[in-house]
Amino acid sequence: EAVLEKLGVPFQVLVATHAGLNRKPVSGMWDHLQEQANEGIPISVEDSVFVGDAAGRLANWAPGRKKKDFSCADRLFALNVGLPFATPEEFFLKWPAARFELPAFDPRTISSAGPLYLPESSSLLSPNPEVVVAVGFPGAGKSTFIQEHLVSAGYVHVNRDTLGSWQRCVSSCQAALRQGKRVVIDNTNPDVPSRARYIQCAKDAGVPCRCFNFCATIEQARHNNRFREMTDPSHAPVSDMVMFSYRKQFEPPTLAEGFLEILEIPFRLQEHLDPALQR
């Protein structure tokens, strides 16, 4: 109010009251301003500047400023909407630009091109009964890939989120194998013991077991989960505790566990989505 009184210019305050499309660095509030809250007046981006203190600055970014910025959300917001950016110190006090660091994962680098799986000389599908065990972070793209490429080809889908326990997953796998069907286990399966259950099912049925290792990093999976929460309200949020717990448990799958083959599944952007996903 003191600033408003001093400047005597029109003011608007937009506040995001919960996580979602309006929370920086996502562009919801900017979209609202452009489309509904600016009295129909086009915004001149080149004559505008976004000033924020969540700028990803590193520790000791200036004399006496020992702590790093608590986040990079303001700088990323400006990047997402195409606005010039400055910190308060740079804009108001004319300090030199400070060192900063963007997140390791940049969603703009993800492509819809590239191999579907590696090695490309392998076959994605088997004509004969088998068990496929998926491995990967929540949000690594497992369910989407499995539904599109395996379930659509007749594989029986076994998923703990649906069945409620690994014991029921094992029972469902065994029942499908007794009927001579192909089975895919759509769980995170981070370690050797979690995968061993299904390898044993395959051995008992006398069929091969393969592993599909979904290669998304934790940074990418966290981004994907947030994007999924914003665009699919029916999907339950995945906490960071779950993500970091998976990373702590994770043991890379090996042929020594009993797999006939391990396919690496790179994360690929679905073509109907905008490649410049909000961070």
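Residues numbered from 1 in each chain as written. Predicted model: local features only at pLDDT ≥ 70, side-chain atom pairs only at ≥ 80, totals over all residues. Heavy atoms only, no water.

Draft legend 1. Region of the structure containing helix 5 (residues 142-149). Along helix 5, the positions that sit buried rather than exposed are Lys 142, Phe 145, Ile 146 and His 149. Angularly, the buried residues of helix 5 cover 95 degrees about the axis, an arc narrow enough to put them on a single face. In this structure, the buried side of helix 5 is in contact with strand 3 (131-135), strand 4 (156-158), strand 5 (183-185), strand 6 (209-214) and strand 7 (261-265). (Buried < 20%, exposed > 50% of the residue type's maximum accessible area, 1.4 Å probe, protein only. Helix = DSSP H or I, 4+ residues; strand = E, 2+ residues; numbered from the N terminus. Arc of directions from axis to C-beta. Contact = heavy atoms within 4.5 Å.)

Draft legend 2. Representation of a nonpolar patch on the surface within the structure. Nonpolar side chains collect at one region of the surface, where Val 3, Leu 4, Leu 7, Val 9, Phe 11, Val 13 and Val 15 lie side by side and expose about 670 Å² of accessible area between them. Along the chain, Val 15 falls in the loop between helix 1 (2-7) and helix 2 (28-35). For Val 15, a relative accessible area of 63% translates into the label exposed. (Patch = residues over 30% accessible without salt bridge, like charges linked within 9 Å, V, L, I, M, F, W, Y side chains within 5 Å. Areas by Shrake-Rupley, 256 points an atom, 1.4 Å probe, with all protein chains shown as cover. Salt bridge = Lys/Arg side-chain N within 4 Å of Asp/Glu carboxyl O.)

Draft legend 3. How the structure looks around the nonpolar core. Val 131, Leu 150, Ile 185, Phe 212 and Phe 214 are the most contacted members of the largest nonpolar core, which totals 40 residues. Residues Trp 30, Phe 77, Ala 78 and Leu 83 belong to the second largest nonpolar core, which totals 10 residues. (Core = buried A, V, L, I, M, F, W, Y, C linked by side-chain atoms within 4.5 Å.)

Draft legend 4. Structural detail: the sheet that holds strand 6. With parallel pairing, five strands are arranged side by side in an open sheet as 4-5-3-6-7. One side of each edge strand has no neighbouring strand; the edge strands of this open sheet are strand 4 and strand 7. Across the sheet, the mean angle from the axis of one strand to that of its neighbour is 20 degrees, orientation sign disregarded. (Pairing = 2+ DSSP bridges. Axes fitted to C-alpha atoms, helices over the stretch in contact; angles between N-to-C directions.)

Draft legend 5. Quick peek at the packing of helix 7 (residues 166-178) against helix 8 (residues 192-205). Contact pair helix 7 / helix 8: the axes reach a minimum separation of 10 Å and the direction vectors enclose 25 degrees. Here helix 7 is positioned roughly parallel relative to helix 8, judged by the angle of their axes. In the crossing of helix 7 with helix 8, the sense of the turn from one axis to the other is right-handed. Of the residues in helix 8, those in contact with Trp 166, Cys 169, Val 170, Cys 173, Gln 174 and Leu 177 of helix 7 are Arg 197, Tyr 198, Cys 201, Ala 202 and Ala 205. (Parallel < 35°, antiparallel > 145°, perpendicular 65-115°, else oblique. Left-handed = near helix turned anticlockwise from the far one by under 90°.)

Draft legend 6. Main features of the packing of helix 9 (residues 218-231) against helix 10 (residues 240-249). Taken N-terminus to C-terminus, the directions of helix 9 and helix 10 make an angle of 155 degrees; their axes are 11 Å apart at the nearest point. If you check the angle between helix 9 and helix 10, you find them roughly antiparallel. Remark: the crossing between helix 9 and helix 10 carries right-handed chirality. Across from Ile 218, Ala 221, Arg 222 and Asn 225 in helix 9, the residues of helix 10 making contact are Asp 240, Met 243, Phe 244 and Arg 247. Across the contact of helix 9 with helix 10, the residue classes break down as four nonpolar, one polar and three charged. (Nonpolar A, V, L, I, M, F, W, Y, C, P; charged D, E, K, R; others polar.)

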